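Each chain, letter by letter, is given below.
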Amino acid sequence: MLKKMGSIVYMLFILLSEVNSCVELSKTLRIFGINISHDTINRILWDEGISPQERLFSYVRDFIIPDYNIIVIDDFVIDKIYSKSTEFTYYCWSNLHKRVVKGIHIVDCIVTNGKNIIPIDFRVYDKQRDGKTKNDLCREIISSLVEKGLNIRYICFDSWYSSKENLKLIDKFGLFYLCRIKRNRKIKLSKNGEWISIKELGEIPKSGLIVYLRKVGYVKLFCLSKNGKAVYYITNNLFMDFEEFQEVRNASWRIEEFHRGVKQCCNIGNFFVRKRLPVLGHISLAMRAFFILERIRIDKKITWYEFRRELNRIAVGNAIISLCKEAGLLLI
C-alpha cells in the first residue's frame, strides 16, 4: 500500500513542485505530519524502475478507447549537461541547444485521437550497454504494441525511423504507416523504370503519387512545402487521399506537444537520482504525471499552464493568509 500511495504522491509532487528530489518531497510531507524518509521515497523509485514500460501502459490502458488509434513514435533528449555520474547519460544532439550535449536519449510513443495525448511506451537509448540502435528500440515498441492488441489505424514517425526494416515490420503486421522520408531515397515510377532519387521528381500531385520504394515496395508519396522547401511523406496505404493524409499528419504532431508538456510541466528531466532503476522509475512516473495533467486539461477545458498557475495562486494565497495570521494582521 505504501509503495502504491508513494508512487501517486511522487507523481503529484513532480507535477506540482518546481524543486524535485526525494529529500524535498520528504520535507514537504513532514510539514503536514507525514513522516516518510527520503530513503523510503528513493526505494519507491527503485521499485518503479522494474518493468517501467509495463507499469506505464497498465496505468493508462483503460483510457485507450477505439478512437485513440494513431500511434506516434519519436525521440527526445533530457539534458544532463553538468551530470558526471548519472547512468544512461551520453553525448547526443539536443534540439534545444542546437549542438551535441550530455543527456539521456529517450525513444517514446504516444497514442492519440488527433486531439488528446496518452503516453504508452518508451525505451531509453543505451547502445554502449545493450548494443541497440534507436531503430531497434522503435521496432521493440511496435512489436510490443501489436502484442498488446491495440486498435492501430496508423503508425507515424519521422524520417529517422523510415528504414526498410521498420517499414517491412509494419507491413508484416498488416498495419498502415505514415512517415517523413528523406529526399535522397531511391524510387521507381514503374516496375521497369530507372532508379531516381525523390528530389529528382517533378511536381507531385496533391492527391499523392504511387511509386516503388527501393527494398520496400509500392508506397504513396505526398509532398508539402515547408519554409519554401519540399517535405516528403510516404504511406503504405495506397488509397489514402489528401484529406486523410492531412488528418493523420496533423495528429502526429501531438508528440511534439507531449515532449513540451512532459518537460515543462512534469519535470521529467529534473531529478537527482543516478542509478539505472530509479532513473527509469522517475521517467515512467513523469509520463504518468503527464497523463494526469492531460486528463485534467480535458475535464476542466484549460491548458496545462493555466492549471499550474491556478494551483500556484491557491498555494500563494494560502501562504499569505497563514503568514498574516501568524503576524496578527487582518486582511480586508
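Looking at an unreviewed UniProt entry, one finds the protein named Transposase IS4 family protein, with Methanotorris igneus as its source organism.

All right, on to the overall build of the protein then. The helix and strand inventory of the protein stands at 11 helices and 11 strands. Here the C-alpha coordinates of the protein stretch approximately 90 × 50 × 40 Å along the principal axes. Restricting the contact set of the protein to residue pairs at least 6 apart, pairs at least 24 apart contribute 59%. Accessible area of the protein: about 17,800 Å², with a carbon and sulfur share of 54%. In the protein, the 54 positive side-chain charges and the 36 negative ones have mean positions that sit 4 Å from each other.

Two elements in contact, helix H9 (residues 254-264) and helix H10 (residues 276-300), have axes separated by 10 Å at closest approach and are oriented at 105°. By the criterion of interaxial angle, the relationship of H9 to H10 is roughly perpendicular. Side by side, H9 and H10 meet where Phe 258, Gly 261 and Val 262 of the first sit next to Ala 286, Met 287 and Phe 290 of the second. Taken together, the residues of the contact of H9 with H10 sort by class into five nonpolar, one polar and no charged.

The positions UniProt marks with the feature "domain: Transposase IS4-like" (unreviewed entry) are residues 69-287. Secondary structure across residues 69-287 divides into 28% helix and 34% strand, with the first and last C-alpha atoms of the span separated by 19 Å.

It is worth spelling out the pairing of strand S1 (residues 70-79) at this point. Counting buried positions over the 10 residues of S1 gives nine, a clear majority of the element. The pairing of S1 with strand S3 (residues 99-112) spans 10 bridges and is classified as antiparallel. Bridge assignment links Asp 74 to a residue of S3, and that residue is Asp 108.

Assignment of secondary structure puts Lys 148 in the loop between helix H6 (134-147) and strand S5 (154-157). Judged by relative accessible area, which is 29%, Lys 148 ranks as partly exposed. Once the C-alpha coordinates of Lys 148 and Phe 258 are considered, the two residues, 110 residues apart in sequence, prove to be 22 Å apart.

Turning our eyes to something else, we now look at the environment of Tyr 59. The residue Tyr 59 is located in helix H4 (residues 52-60) in this model. On the accessibility criterion, Tyr 59 (31% relative accessible area) is partly exposed. With 82 residues separating them along the chain, Tyr 59 and Ile 141 place their C-alpha atoms 17 Å apart. Not counting residues up to four positions away in its chain, the partners in contact with Tyr 59 are Met 11, Arg 288, Phe 291 and Ile 292.

This paragraph deals with a positive patch on the surface. Taken together, the side chains of Lys 168, Arg 183, Lys 186, Lys 199, Arg 214, Lys 215 and Lys 229 define a basic patch exposed on the protein surface. Overall, Arg 214 belongs to the partly exposed group, its relative accessible area being 41%.

Conventions adopted
- Residues numbered from 1 in each chain as written.
- Predicted model: local features only at pLDDT ≥ 70, side-chain atom pairs only at ≥ 80, totals over all residues.
- Heavy atoms only, no water.
- Helix = DSSP H or I, 4+ residues; strand = E, 2+ residues; numbered from the N terminus.
- Contact = heavy atoms within 4.5 Å.
- Areas by Shrake-Rupley, 256 points an atom, 1.4 Å probe, with all protein chains shown as cover.
- Lys, Arg positive; Asp, Glu negative; His and termini not counted.
- Charge placed at Lys NZ, Arg CZ, Asp CG, Glu CD.
- Axes fitted to C-alpha atoms, helices over the stretch in contact; angles between N-to-C directions.
- Parallel < 35°, antiparallel > 145°, perpendicular 65-115°, else oblique.
- Nonpolar A, V, L, I, M, F, W, Y, C, P; charged D, E, K, R; others polar.
- UniProt positions renumbered as here; feature names shortened; annotations may be inferred.
- Buried < 20%, exposed > 50% of the residue type's maximum accessible area, 1.4 Å probe, protein only.
- Pairing = 2+ DSSP bridges.
- Patch = residues over 30% accessible without salt bridge, like charges linked within 9 Å, V, L, I, M, F, W, Y side chains within 5 Å.
- Salt bridge = Lys/Arg side-chain N within 4 Å of Asp/Glu carboxyl O.

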